[in-house]
Amino acid sequence: MNTAKERLLKIIDEIPEQEVDKILDFAEYLKVKREKSLSEDLTKASESSTDFWDNDIDDEVWNDA
């Protein structure tokens, strides 16, 4: 049984070059979309981790340090 990647490569080998460009454009779009999503997830994670330290008790302790 062929994997999806193998099937895609076979299709790419069989179609005209201008159609390959369309597949490439779509693949690059998916890559950018995934990278943007990862970046947004990391931003949200860092914001939530800094919220942990934003409280009156820690502020008071660090003010006296």
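The structure displayed is predicted, hence computed values, not measured ones.

Engineer: Would you mind going over a nonpolar patch on the surface with me for this structure?
Structural biologist: Together, Phe 26, Tyr 29 and Leu 30 make up a nonpolar patch on the protein surface, roughly 320 Å² of accessible area in all. Within the secondary structure, Phe 26 is located in helix α2 (residues 17-53).

Engineer: I tried to follow the confidence of the model for the protein chain on my own but got confused; where do I start?
Structural biologist: Reading fine detail from the predicted coordinates is not recommended where pLDDT is low. Per-residue pLDDT for the protein chain has a mean of 84; in total, 89% of the residues score no lower than 70. Here helix α3 (residues 56-63) stands out as the element of the protein chain with the lowest mean pLDDT, 73, in contrast to helix α1 (residues 4-14), whose mean of 94 is the highest.

Engineer: What am I meant to see in a negative patch on the surface here?
Structural biologist: Taken together, the side chains of Asp 54, Asp 56, Asp 59, Glu 60 and Asp 64 present a region of like negative charge at the surface. Within the element layout of this structure, Asp 56 appears in helix α3.

Engineer: Sorry, what's going on with the pattern of salt bridges here?
Structural biologist: Side chains carrying opposite charge are able to pair once their charged atoms draw close together. A complete count under the given rule lists two salt bridges for this structure. One salt bridge connects Lys 10 with Glu 14, and the closest N-O pair in it is separated by 3.8 Å. With a gap of four residues between them, Lys 10 and Glu 14 both fall in helix α1, about one helical turn apart. With respect to class, Lys 10 is no different from Glu 14; both count as exposed. The residue Glu 19 makes a salt bridge to Lys 22 at a minimum N-O spacing of 3.5 Å. Taken as a pair, Glu 19 and Lys 22 lie in helix α2 at a separation of three residues, close to a single helical turn.

Conventions we followed
- Residues numbered from 1 in each chain as written.
- Predicted model: local features only at pLDDT ≥ 70, side-chain atom pairs only at ≥ 80, totals over all residues.
- Heavy atoms only, no water.
- Patch = residues over 30% accessible without salt bridge, like charges linked within 9 Å, V, L, I, M, F, W, Y side chains within 5 Å.
- Areas by Shrake-Rupley, 256 points an atom, 1.4 Å probe, with all protein chains shown as cover.
- Salt bridge = Lys/Arg side-chain N within 4 Å of Asp/Glu carboxyl O.
- Helix = DSSP H or I, 4+ residues; strand = E, 2+ residues; numbered from the N terminus.
- pLDDT = per-residue confidence, 0-100.
- Lys, Arg positive; Asp, Glu negative; His and termini not counted.
- Charge placed at Lys NZ, Arg CZ, Asp CG, Glu CD.
- Buried < 20%, exposed > 50% of the residue type's maximum accessible area, 1.4 Å probe, protein only.

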